[in-house]
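Working through the structure, step by step
Here is how the chains run, residue by residue.
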Amino acid sequence: MSVLLWLVLVTVPPPQVVMIATPRGETSVPITTERGTAAVAALRLGAPLGLTVVLDGSRATVGLSGAVFVFQLGAPFVRAGGVVYGLVGEPYVARDSVFLPLHWLADCVPRAVGGRYRWDPAAGAEVGRLVELPVASAVTAAAPPGVVTTPPPASSTTPAPPRNPGPASAPNPITGLRLRHTVVIDPGHGGVDPGNPGRYFPGHLVEKDITLAVGRLLRAELARRGIGASLTRSTDSLIDLVDRGAFCKADCDLFVSIHVNAMPEGRRADRVSGVETYFLSDAKTEDQQRVAQMENEAIRFQTGTSSAPTGPLGFILRDLQLNEYLRESAQLAQLVQDSAARIHPGGDRGVQQAGFMVLTTARRPAILVETGFATNRTDGAFLASSLGQHKIASAIAEGIVAYLLEFERKLAVAAPARGR
Ligand SMILES: [Zn+2]
C-alpha cells in the first residue's frame, strides 16, 4: 500500500447518514453532496416514512403524512399548503431517482407537517435525526414503547398475512389499531377497458389511469398506517369483474373499488360534480342505476375464464355474503365518504346504494368510491393532478382506519377476555 493511498483512506470521512426514527423502527439513509449541498434520495425515504413521489416533467410532488410538497427541479424552494419554503439546495434527478435537499427534511418538514416530526441534530456519522411522533389520538393507550410491531407493507404480489393471527397486541402508535389488517384495493377498469373517456382530463388520460394512480397511492397511505394492502391490478391490465372481488378472501378485511364518475352527454352534464361512495344493494334511484350500469358494462371486456361460482348455488352463496356484510359495508361507505367529502372540491354526494357486480363477489365488506366526475372541469383537474390524487388517497385511508377502529372496538366488546 503506497503512502498516498493510505493517506486517502484515513482522511476520507465515513459516509454521512440521516437517521429516520419512527414508531416502526429506525432507518439510516445516506446523504450525498454530489451537487454541492446535502441531499437524500426520495426513494430511500419511501419505506421508513411512507413518502410518495410523483415526477411530472420538472415538477416533483411529494406526499408525506397527508401533506403535499410541490418541488420544481433545480429551484431552491418548495410549496406546501399554500406556503412557499426556501431551501438550501435544490431538488434534482440523478440515476433515475429524485434527490431532495436535506434542508427540506431537517427544517421544512417539521414546520410544514404540524406536530408530526421533530428534527434532532446528532453526533458522529449522523448529521441528524428526523423523529416521527405518534399522533395525539393514538397516545391514549398506555403501551410500553418498543414492543409495537407493525406488519411490513404488502406488495401486490406477496400473499397477505393471516387475518387476526393472535391475541390483541399493543396498538399501532399512528392509528391506534391493535390487529393486523389487510385491504384489497381495486383500481377500476384497465387494459382494453379504458373506463370513461375523461372529458376534462388533460392529455390522453382516461378513467383507468386515474384509478390506478389513486389505487397505488392508497396502498402507500395504508402501508404507512401499518395496514397491509394489495391491488387487484398494479399495471394497465384487465381483470374480469367477477374475479376482482375474489381477491378479498379469508385474510382480507375489506374491499375498496376506485372509479371515476361521468355524466351522459347533455345540457347540464358538466355541472354535476363531487364524490360519492357506494355499497352493495339493489339500486334504488335512476341515477344509482345509471352508475351501476356504467360500471357493470366492463363485463363485455371479460375473457370468460371466471372462477366465481355460478348457477343457483352461487347466487344463494353471494346473497348470504351480501346480507352478512351489508351493515358493515354501509358503515364503511359512510366513514370513507365523510373523510373524502372533507377534501373534495366538487362536494359531497353522499353514500349511495347500487348493485355493482364487482362488489357482489367480494367476501368481505365492500365499497366502491366514485372519486369525482371526469365530465366536470373542476373534478377532472383535481383527479388528474398529483395533489388531488394524494388528497383522495389519504382521505380514503383515513376513512378505512376509522372503520377498522370501530370494527376492533366491536370485537373487544364481543370478546372482552380475548388475549388475556
Ligand atoms: Zn368506473
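So, here's what we can say about the structure. (Residues numbered from 1 in each chain as written. Predicted model: local features only at pLDDT ≥ 70, side-chain atom pairs only at ≥ 80, totals over all residues.)

Considering the pairing of strand E18 (residues 366–373)
Most of E18 is tucked away: eight of the eight residues are buried. As paired elements, strand E15 (residues 254–261) and E18 share six bridges and run parallel to each other. Paired with histidine 259 across the strands is glutamate 370, a residue of E18. (Buried ≥ 20, exposed ≤ 12 C-beta atoms within 10 Å, placed from the backbone. Helix = DSSP H or I, 4+ residues; strand = E, 2+ residues; numbered from the N terminus. Pairing = 2+ DSSP bridges.)

A look at the nonpolar core
Counting residues in hydrophobic clusters, the biggest one holds 63 residues, and the most contacted among them are Val183, Val256, Val336, Ile367, Ile396 and Ile400. The contact partners of valine 256, leaving out residues within four places of it in the chain, are Val183, Ile185, Asp186, Ile367, Val369 and Ile396. Ala39, Ala42, Leu45 and Trp104 belong to the second-largest nonpolar core, a separate cluster that totals 34 residues. (Core = buried A, V, L, I, M, F, W, Y, C linked by C-beta atoms within 7 Å. Contact = placed C-beta atoms within 7 Å.)

A look at helix H2 (residues 42–49)
Listing the buried residues of H2 in full gives Ala42, Arg44, Leu45, Pro48 and Leu49. Along H2, the residues classed as buried sweep out an arc of 150° about the axis, all on the same side. Each element contacted by the buried residues of H2 is listed here: strand E1 (17–22), strand E2 (25–30), strand E3 (39–41), strand E4 (52–56), strand E5 (59–64) and strand E10 (97–101). Phi turns positive, to about 70°, at glycine 50, one or two residues after H2. (Arc of directions from axis to C-beta.)

Focus on the environment of alanine 354
Among the structural elements, alanine 354 can be located in strand E17 (residues 348–354). In sequence terms alanine 354 and threonine 285 are 69 residues apart; their C-alpha atoms lie 8.6 Å from each other.

Here's the deal with unusual backbone geometry
Unusually for a residue other than glycine, histidine 189 sits at a positive phi of about 65°. Structurally, histidine 189 is set in the loop between strand E13 (182–187) and helix H4 (207–224).

Things to note about the pairing of E5
Two strands pair when backbone bridges link them, and E4 and E5 are joined in this way by five bridges, in the antiparallel orientation. By the bridge assignment for E5, valine 54 is matched with threonine 61. Between E4 and E5, which pair antiparallel and follow one another directly, the connecting turn spans two residues, one of which, glycine 57, has a positive phi of 65°. In the sheet, E5 pairs with strand E6 (residues 67–72) via six bridges, with the strands oriented antiparallel.

Overview of the sheet that holds E1
Hydrogen bonds along the backbone pair up the strands of a sheet, which may run parallel or antiparallel. Overall, mixed pairing links the four strands, which are arranged E2-E1-E12-E11 in an open sheet. Of all strands in the sheet, those bounded by a partner on one side alone are E2 and strand E11 (117–121). In this sheet, neighbouring strand axes are inclined to one another by 20° on average, regardless of whether the strands run parallel or antiparallel. Taken strand by strand, H2 contacts E1 and E2, and its axis lies near 20° from that of E1. Together, E1, E11 and strand E12 (126–132) form the strand contacts of helix H3 (residues 102–112), whose direction differs from that of E11 by roughly 130°. (Axes fitted to C-alpha atoms, helices over the stretch in contact; angles between N-to-C directions.)

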